Amino acid sequence: MDAIRTVGLTKRYGGKSAVESLDLTVKCGEIYGFVGRNGAGKSTVMKMLAGLVLPTSGEIELLGERQAPGCTSRRLGSLIENPGIHPGLSGFDNVMVRALSLGVPDAKAASREVLDIVGLSGVAKKRAKTYSLGMKQRLGLALALVGSPDLLLLDEPFNGLDPQAVREVRTTIMQLARVRSITVFISSHVLDQLERMVTCYGVIRDGRLVREMTAAQVEAECADYLSVRATEPRLALARLQDAFPTARFSLMPDDAIRVEGGVAATEAGAALAQAGIAVTELFVHERDIEELFVELMGADPSTAAPAPDAAAWSQAAGAPDARGVGGKGGGRRA
């Protein structure tokens, strides 16, 4: 059984499409990271899953049950955008109201439990209007946990949290998934935090799901590799495969050869030189998770940095003793 399954989920506002034909699958027990730029449709998707926004078309299935438009499962808890708290009530009373509205048995004990989980037991009697932004985020998480849900929707739960609080919330989410087998569907711009906790990713761009990947697949795509360009790419590929039979090779759409498996740039260059094949570019590509997701999400044109001069790079690559060193997300040219 899948925790979340959507088929053709679409939301349009007038003539503008916020979400278009979204087919999404989240398996039970996963921590699923939902990634996209501002305005890509993440919050709209979550609101439709939570029954807060009516879909224009499509189907939603939560925990094996098909949801009617505008409805959602009682086994779902959500924290979407701003926490729905009453500023004049204490943290404890906010949670109590939620527990009573859901008909939770022993509402007082249940309220104390969720406040303890999110680290607000010590300030439970204080009015919510005195809480910091981070404390309000944690109170929102406590409200989402009332009723022991099997599925959590968390929209930017790290907003306003200091580093220690981020770590505590991240640890809490991981424990909920591991110990209570809660499925977590989480969106965040804090990619390094997602990297530490999620098991799967979904990338949304302009309202469309462009890719779903496991954490292992992301790690593999972010691994360092040697990139080789030659005047005769297919002949160069064959020569490298013969010279390094234990390495892994692939010919990229732009005819660059991707080499994985511990082959040094100098070794690859020497093998091609011996075969009389001219090398036009040779470098170690280092890629981090941020670069991968920026490519998938689509960079914001208003903030995009100018591209490096390709001719200058190629000239540097061809110089006998020229070397450039790039940090993660760049490359070491040889």
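Details of the structure are given in the entry above.
Here is a short report on the structure shown in this document. (Residues numbered from 1 in each chain as written. Predicted model: local features only at pLDDT ≥ 70, side-chain atom pairs only at ≥ 80, totals over all residues. Heavy atoms only, no water.)

Another aspect to go through is unusual backbone geometry. Note on backbone geometry: most residues besides glycine have negative phi, and most peptide bonds are trans. Unusually for a residue other than glycine, Glu156 sits at a positive phi of about 50°. Of note in the backbone geometry, Asp206 takes a positive phi value of approximately 50° without being a glycine. Checked against the element boundaries, Asp206 lands in the loop between strand 9 (200-205) and strand 10 (208-214). (Helix = DSSP H or I, 4+ residues; strand = E, 2+ residues; numbered from the N terminus.)

This brings us to the pairing of strand 8 (residues 183-187). The buried fraction of strand 8 is high, at 5 of 5 residues. A two-sided burial pattern is seen for strand 8, the buried positions comprising Thr183, Phe185 and Ser187 on one face and Val184 and Ile186 on the other. Pairing geometry for strand 3 (residues 31-35) and strand 8, over 4 bridges, is parallel. Each bridged residue has a counterpart across the sheet, and for Phe34 the counterpart in strand 8 is Ser187. For strand 7 (residues 151-155) and strand 8, the ladder comprises 5 bridges, and the chain directions are parallel. Of the residues in strand 8, the one forming a bridge with Leu151 is Thr183. The parallel pair strand 7 and strand 8 is bridged by helix 5 (residues 163-179), and the resulting crossover is right-handed. (Buried < 20%, exposed > 50% of the residue type's maximum accessible area, 1.4 Å probe, protein only. Pairing = 2+ DSSP bridges. Right-handed = clockwise from strand over helix to strand, strands pointing away.)

So, about the nonpolar core. Ile186 and Phe293 are the most contacted members of the largest nonpolar core, which totals 54 residues. Sorting elements by how many residues they give to this core places helix 4 (residues 133-145) first, with 7 residues. If we ignore the near neighbours within four places in the chain, the residues touching Phe293 are Val35, Leu191, Tyr201, Val203, Met213 and Val218. One finds Ala3, Leu24, Phe34 and Ala50 within the second-largest nonpolar core, a separate group that totals 26 residues. (Core = buried A, V, L, I, M, F, W, Y, C linked by side-chain atoms within 4.5 Å. Contact = heavy atoms within 4.5 Å.)

Note that every value here comes from positions in space, so none of it alone points to a role or purpose.
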